[in-house]
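Notes for the structure review
Residues per chain, in single letters:
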Amino acid sequence: MSVLDHLWARGCAFLGTRTAIMGGAMSWVSERHLVSAISNAGGFGVIACGSMTPALLDAEIAATQALTDKPFGVNLITMHPQLDELIGVCVAHKVSHVVLAGGVPTASAVRAVKDGGARLIGFAPALVLAKRLIRIGADALVIEGSEAGGHIGPVSLAVLAQEILPTVREVPVFVAGGIGRGEAILAFLEMGASGAQLGTRFAAATESIAHPRFKQAFIRANARDAVPSVQLDAQFPVIPVRGLANDGTRRFLAHQAETLRRFQAGEFDREAAQLSIEHFWAGALRRAVIDGDVEQGSVMAGQSVGMVTAIQPVAVIIAELIAQAEAAHAARSGACVPDAASAAA
Ligand SMILES: Cc1cc2nc3c(=O)[nH]c(=O)nc-3n(C[C@H](O)[C@H](O)[C@H](O)COP(=O)(O)O)c2cc1C
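Residues numbered from 1 in each chain as written. Predicted model: local features only at pLDDT ≥ 70, side-chain atom pairs only at ≥ 80, totals over all residues.

1. Thoughts on the sheet that holds strand E10 (residues 226-228)
Reading across from one edge, E7-E11-E10 is the order of the 3 strands in this open sheet, with antiparallel pairing throughout. Single-partner strands in this sheet number two, and they are strand E7 (150-151) and E10. Bridge count between E10 and strand E11 (residues 241-244): 3 bridges; the pairing is antiparallel. Residue pairing in the sheet places Ala 226 in a bridge with Leu 244 of E11. (Pairing = 2+ DSSP bridges. Helix = DSSP H or I, 4+ residues; strand = E, 2+ residues; numbered from the N terminus.)

2. Remarks on the site of the ligand
Near the ligand lie 27 residues; those nearest to it are Gly 24, Gly 149, Gly 150, Gly 199 and Gly 302. Grouping the amino acids of the shell around the ligand by side-chain chemistry returns 12 nonpolar, 13 polar and 2 charged. There are two domains that each give the shell around the ligand at least three residues, and those are domain 1 (3-198 + 313-344) and domain 2 (214-304). (Near = placed C-beta within 6 Å. Nonpolar A, V, L, I, M, F, W, Y, C, P; charged D, E, K, R; others polar. Domains from an automatic or database assignment.)

3. Re the pairing of strand E4 (residues 97-101)
Counting buried positions along E4 yields 5 of 5 residues, so the element is predominantly enclosed. The side-chain alternation of E4 yields two buried faces, one formed by His 97, Val 99 and Ala 101 and the other by Val 98 and Leu 100. Taken together, the 5 bridges between strand E3 (residues 72-77) and E4 define a ladder with parallel strand orientation. For Val 74, the partnering residue across the bridge sits in E4 and is Val 98. Following the chain from E3 across helix H5 (residues 83-92) to the adjacent parallel E4, one finds a crossover that is right-handed. Bridge count between E4 and strand E5 (residues 119-123): 4 bridges; the pairing is parallel. What sits directly across from Val 99, in E5, is Ile 121. As for the winding sense of the linkage, the β-α-β connection from E4 through helix H6 (residues 107-115) to E5 is right-handed. (Buried ≥ 20, exposed ≤ 12 C-beta atoms within 10 Å, placed from the backbone. Right-handed = clockwise from strand over helix to strand, strands pointing away.)

See below:
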């Protein structure tokens, strides 16, 4: 029996899986193929609903169920204008776990998920919010550090883990952000986490439908290339998003400067200026992921991107993570196990 079986038993029981490795929902990337591949390999895939309509989500869930009989989740963004209908679609398909992202969900959204029979997973970017989520009915939490790809909070996983893991015992807590190797998973499990969520490493998996240029950009990049979006002026907030620096991120700075100039010249009122800044990235993730425009598109990636060195099948990624965790544990306890690379091969 692996040391992990013991350390992540609570996470596995909660997810209904063999390993407590979650594939974090990634808009445009986490669709039927990647999600079913992760679940079939013993992890927990999560469909990213993003801005899908209820009809599109309905088709995506059905297609995923056709590719796997293992549990998987659906990630819904709380500010989606049709959130109630989307929850209804998940309930109709008997989706076992719903992840509500993008802010603390309303009590009625939580009730709709739970009354429908699904387990609710929430994102806790601080201890107070973790407690609030548990109070309103979250069955598990993800704590995602600022190392992560995509939309980020201000606090690193190293700090969030210290703030939340020793305190929150009521529900399983999954850690996310910057995780690329099994040694890190082991360390967080030993701190009290029930499992780990990875995005960036799975985005470059063989089964991911991301464009080959998107995956190659991940293979080329180092941790320091995955940077948060930069806000030029305090009056005009920019949503913090971590992605690879490229022409688009440089043009975004110039666009903010030009918008500010036009605002100061009276050509834009405040609202129009803010909208112009927000609209800059509209459709940009799709352009990068699907069309392969990695220069102008939004190449969301976590700092873990430096640990993406090859396009690998999901099953190999998961086996490698497990082997690294087991080897690290064995090295510490003096036991002899095959090295991580040969175990994963
Ligand atoms: C390309 C990309 C798109 C993402 N889209 C979403 C999303 O739509 N919803 C969400 O909750 N998280 C999203 N995330 C965050 C992931 O679910 C996951 O928590 C994160 O990638 C973990 O950090 P890592 O990338 O360092 O592994 C995205 C991440 C990436 C890299």
